[in-house]
Amino acid sequence: MRKAVKIISIILVLFCVVSIFVACSEKEHTKITTDYAQLRNIEETNVDFICYGEFHGTHVVMFNEIALQVLTSETVDGVTFNYPTSLHLTAYNNGNFYSLQEAFDNGLLMHGDLVTLRNNYNR
């Protein structure tokens, strides 16, 4: 019985960890990839990102690109995000990309969303 509980616990933990990084549906992943490739004028095969959450139709992602290895941070509405590189989280909504501050200023992200996002990003 203990073994079954242990296995179920491990499966639940793995599901929770994986679900953090599977916040974008396949359809949304394709749309973000296509729009970002067009914005940057690069091939879609060169676009790689992690989705950290979806909030009211706004997806927040981190693109995997060449970056400076410097500690950076940004604070939006009192919520601070610390980054190990020059790359920052990017919000995507309806074909447009925004910084977190721009997304907050435009009402795409709320304070609670930022707190949840910081917790997802810091895991």
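Structural notes, computed from the coordinates. Keep in mind that what you see is a predicted model, and the values were worked out from it rather than measured.

### Some details on the state of the cysteines
Logical step 1: For the structure on display, the rule yields one disulfide.
Logical step 2: Disulfide pairing is shown between cysteine 24 and cysteine 51; the S-S distance is 2.2 Å. Its torsion about the S-S bond being 75 degrees, the disulfide of cysteine 24 and cysteine 51 is classed as right-handed. Taken together, the residues cysteine 24 in the loop between helix H1 (2-20) and helix H2 (26-40) and cysteine 51 in strand S1 (residues 49-55) connect sequence positions 27 residues apart.

### Focus: H2
Logical step 1: Given a rise of 1.5 Å per residue, 15 residues ought to cover 21 Å, and the 21 Å separating the end C-alpha atoms of H2 matches this to within 8%.
Logical step 2: For H2, the full list of buried residues reads Ile32, Thr33, Asp35, Tyr36 and Ala37.
Logical step 3: Tucked into the core, H2 has its buried residues touching S1, strand S2 (58-63), strand S5 (90-93) and strand S6 (96-99).

### Concerning the pattern of salt bridges
Logical step 1: Under the definition given, this model contains two salt bridges.
Logical step 2: Taking the shortest distance from any N to any O, the salt bridge between lysine 31 and aspartate 35 comes out at 3.1 Å. Highlighted residues: lysine 31 and aspartate 35, both in helix H2, separated by four residues, approximately one helical turn.
Logical step 3: Owing to a relative accessible area of 13%, aspartate 35 belongs among the buried residues under this scheme.
Logical step 4: Here arginine 40 and glutamate 65 are joined by a salt bridge, their closest N and O atoms 2.7 Å apart. Here the residue arginine 40 occupies a position in helix H2, and glutamate 65 occupies one in the loop between S2 and strand S3 (72-76), the gap between them amounting to 25 residues.

### A look at the sheet that holds S6
Logical step 1: Sheet architecture is open: four strands sit in the order S1-S2-S5-S6, paired in antiparallel fashion. At either end of the open sheet lies a strand with only one pairing partner, and these are S1 and S6. Here the strands of the sheet are splayed against their neighbours by 30 degrees on average, with no regard to which way each runs.
Logical step 2: In the sheet, S2 pairs with S5 via three bridges, with the strands oriented antiparallel. Each bridged residue has a counterpart across the sheet, and for histidine 59 the counterpart in S5 is tyrosine 92.
Logical step 3: Packing against the sheet, H2 makes contact with S1, S2, S5 and S6, and its axis sits at approximately 60 degrees to S2.
Logical step 4: Helix-sheet contacts for helix H4 (residues 111-121) involve S1 and S2, and the interaxial angle to S1 is about 150 degrees.

### A few points about the packing of aromatic side chains
Logical step 1: Taken as a whole and judged by the stated rule, the model has seven aromatic pairs.
Logical step 2: Plain terms: the ring middles of tyrosine 92 and phenylalanine 97 are 4.9 Å apart, the flat faces sit at 50 degrees to each other, and that makes the pair tilted. In this pair, the class of tyrosine 92 matches that of phenylalanine 97, namely buried.
Logical step 3: Members of the aromatic cluster, each reached through a chain of ring pairs, are Tyr36, Phe49, Phe63, Tyr92 and Phe97.

Criteria and thresholds
Residues numbered from 1 in each chain as written. Predicted model: local features only at pLDDT ≥ 70, side-chain atom pairs only at ≥ 80, totals over all residues. Heavy atoms only, no water. Disulfide = S-S within 2.5 Å. Helix = DSSP H or I, 4+ residues; strand = E, 2+ residues; numbered from the N terminus. Expected span 1.5 Å × (residues − 1). Buried < 20%, exposed > 50% of the residue type's maximum accessible area, 1.4 Å probe, protein only. Contact = heavy atoms within 4.5 Å. Salt bridge = Lys/Arg side-chain N within 4 Å of Asp/Glu carboxyl O. Pairing = 2+ DSSP bridges. Axes fitted to C-alpha atoms, helices over the stretch in contact; angles between N-to-C directions. Phe/Tyr/Trp six-rings, centres within 6.5 Å; stacked < 30°, edge-to-face > 60°.

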